[in-house]
Amino acid sequence: MSNAVYLLFGATGDLARRKLFPAFYALYREGKLSENFAVVGLARRARTNEQFRDDLLSSIREFARYDVSKDEQFNRFAEHFEYMSLDIHNVEGFRELKRLTDSLDEKFNVGGNRLFYLALAPELFGSVSYNIREGGLLEVDGWHRLVIEKPFGYDLPSAEKLNAELRQVFKEKDVYRIDHYLGKEMVQNIGVLRFANAFFEPLWNNKYIANIQITLSETVGVEDRGGYYDHSGALRDMAQNHMLQMLAIMAMESPSRLHPEDIRDEKVKVFRSLRGFQNAEEVRRHVVRGQYASGEAKGKPLAAYRSEPSVNPESTTETYFAAKVFVDNFRWAGVPFYIRTGKRLPVKTTEVVVEFKNVPNNVYLAQKHELEPNLLVFRINPMEGIYMKMNAKRPGSEGSVIPIAMDFCQSCQVGLNTPEAYERLLYDAARGDSTYFTRWDEVSLAWEFIDKIAEAWRESEGDLENYPAGSWGPDRAKALLAEDGFKWWPVN
Ligand code: BG6
């Protein structure tokens, strides 16, 4: 990993505590961060270096996948962390930040590289970038990169505006837009499974695949994020980014080389081929939106979305989204991609199911054996693995057919301590590998697709359905598949 000074804006926030500090620590423990680095924590609130390092320690104790076993090792690590209170609207503070950064660069022999990580509300990205430049922080010899978190805009026009602001300061190649799903082990594995095996690719098209189902279900509600979520909803929070990215990885062609731009080019082609909804009627037919009402899980009562903290009691924000989507190209013509996501569903899971078409002639039908379709399932999270369902002879029977499963559970392997998504992404950004970050054209095409849904929803609020918290969402999500003769396959 490159030497760098990491400037962490939003260092007292939740993301830093839950994800970023533990990621730095794991990279350090794995020897991926050399001793030539420094991290400057930045936020408005006053904090001494000692307090900041205490925060670091408690975050690592709580969330890191490595124990803080040796104090000495942690102390050596923590020496690289400093804190500075900064008013991000005041350029003078950035000049002072430059002085601090330069002195840390010298102390740790970094060599000029700067990685700016904005764990901040996106409204602030523009002015922070501007002040980074005005404060002289880019006037160094090494590289400089900007890492930003979603939501990247609220719709296409706001995303364009945000992007234009960033681009006044940073080049596209230096902007690393995080979609943490792309950092997940099994999401990265989809490409390998598809393109490094002989037996999937020949079947990977509309001749053999009946449909693809992508489920991102969560058991949690909005928790303490009501203020953000009520303006976002499942469509912007999950579908515009994580879901469409996973769809693109499932649908893309093989890149000719494993270069970041080649891979991203292939994803862009998928985004371009998404069939956009033409009018409100199409959206009504192909898209389901729901909001959780009160309900229960494991015998415990769960509050309705509208009574969650910081949520408008009359909110029409969706906490559930499902859609039937088509990719209009040669490979996928006619194959529905069913995608769904929701909060307060019964299981926390991310899964992709590929349902194959039936064999052309079922010779077992004479013995009254309907054949179950073959399934290939990518288990992304929290269980990681691959599952294949096929038909076989019931042992000992006279040719009776039963479905059997081949189940590879990666996460069950003892001693496997796979890196967290943020760890991988931080590592990639510092190495200058943008493969698993989203490029502007991907983001803008995704917004274009999503905006049509949002626009139709604005016109007709009547189709928002309630579902009991702890259930699988509105019944209409089942009908979406049933009308095509399919069903959602149970998730694990
Ligand atoms: C985030 C969303 O991007 O992803 C959250 O903002 C959601 O609302 C989270 O809970 C889910 O991520 P994961 O990794 O827990 O599946």
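Residues numbered from 1 in each chain as written. Predicted model: local features only at pLDDT ≥ 70, side-chain atom pairs only at ≥ 80, totals over all residues. Heavy atoms only, no water.

Draft legend 1. Structural context of the UniProt feature "binding site: NADP(+)" (unreviewed entry) in the protein. UniProt tags G10, A11, T12, G13, D14, L15, A16, R17, R44, D87, I88 and K150 as "binding site: NADP(+)" (unreviewed entry). The subset of these annotated residues that lines the largest cavity comprises K150. Looking at where D87 falls in the secondary structure, it is placed in the loop between strand 3 (81-85) and helix 4 (91-107). By relative accessible area, which is 29% here, D87 ends up partly exposed. The residue K150 is located in the loop between strand 5 (144-148) and helix 6 (156-167) in this model. For K150, a relative accessible area of 23% translates into the label partly exposed. In this structure K150 touches I178, Y228, D237, N241 and H242, once residues within four positions along its chain are discounted. A polar atom in the side chain of K150 sits 3.2 Å from the side chain of D237. (UniProt positions renumbered as here; feature names shortened; annotations may be inferred. 1 Å grid on protein atoms, 1.4 Å probe; cavity = no way out; pocket = protein on both sides within 12 Å on 5 of 7 lines; lining within 4 Å. Helix = DSSP H or I, 4+ residues; strand = E, 2+ residues; numbered from the N terminus. Buried < 20%, exposed > 50% of the residue type's maximum accessible area, 1.4 Å probe, protein only. Contact = heavy atoms within 4.5 Å. Polar contact = N/O pair within 3.5 Å; in protein donor to acceptor, adjacent residues only side chain to side chain.)

Draft legend 2. Region of interest: the packing of helix 10 (residues 260-273) against helix 13 (residues 440-459). With their axes 9 Å apart at the nearest point, helix 10 and helix 13 run at an angle of 15 degrees to one another. As summarised for this structure, helix 10 and helix 13 are arranged roughly parallel, according to the angle between their axes. Here helix 10 runs over helix 13; the crossing is left-handed. Packed against helix 10, whose contacting residues are R264, K267, V268, F271 and R272, the element helix 13 presents D441, E442, L445 and A446 at the interface. Here the residues of the contact of helix 10 with helix 13 sort into four nonpolar, no polar and five charged. (Axes fitted to C-alpha atoms, helices over the stretch in contact; angles between N-to-C directions. Parallel < 35°, antiparallel > 145°, perpendicular 65-115°, else oblique. Left-handed = near helix turned anticlockwise from the far one by under 90°. Nonpolar A, V, L, I, M, F, W, Y, C, P; charged D, E, K, R; others polar.)

Draft legend 3. Main features of the packing of helix 9 (residues 233-251) against helix 13. In contact at an axis separation of 10 Å, helix 9 and helix 13 are set at 140 degrees when each is read in the N-to-C sense. Classified by the angle their axes make, helix 9 and helix 13 are oblique. For the crossing formed where helix 9 meets helix 13, the hand is right-handed. Within the contact between the two elements, helix 9 uses L235, R236, A239, Q240, L244 and Q245 and helix 13 uses E442, V443, A446, W447, F449, I450, I453, A454, W457 and R458. Residue classes in the contact of helix 9 with helix 13 are distributed as 11 nonpolar, two polar and three charged.

Draft legend 4. A look at the sheet that holds strand 13 (residues 349-356). With mixed pairing, the nine strands of this open sheet are ordered in space as 16-15-14-13-7-12-11-8-17. Two strands close off the open sheet at either side, each with one partner strand: strand 16 (401-409) and strand 17 (464-468). Averaged over all pairs of adjacent strands, the angle between their axes in this sheet comes to 20 degrees, without regard to strand direction. (Pairing = 2+ DSSP bridges.)

Draft legend 5. Geometry of the layout of surface pockets. Reported here for the second largest pocket is a volume of approximately 380 Å³. Q188, G191, L258, I263 and Y436 are, among the 17 residues lining the second largest pocket, the residues nearest its centre. (Points joined across faces, edges and corners; volume = space filled by probe spheres on them.)

Draft legend 6. Looking closely at the nonpolar core. Judged by nonpolar contacts, the single largest core of 109 residues is most densely connected at F9, L97, F321 and F378. Of the residues forming this core, the biggest block, 12 residues, is contributed by helix 9. Split by domain, this core shows at least three residues from each of two domains, domain 1 (2-149) and domain 2 (182-483). Residues within four places of L97 in sequence aside, it is in contact with L7, F9, V40, L42, M84, L86 and L137. Ranked by size, the runner-up nonpolar core spans 40 residues in total, among them A23, L56, L115 and A430. (Core = buried A, V, L, I, M, F, W, Y, C linked by side-chain atoms within 4.5 Å. Domains from an automatic or database assignment.)

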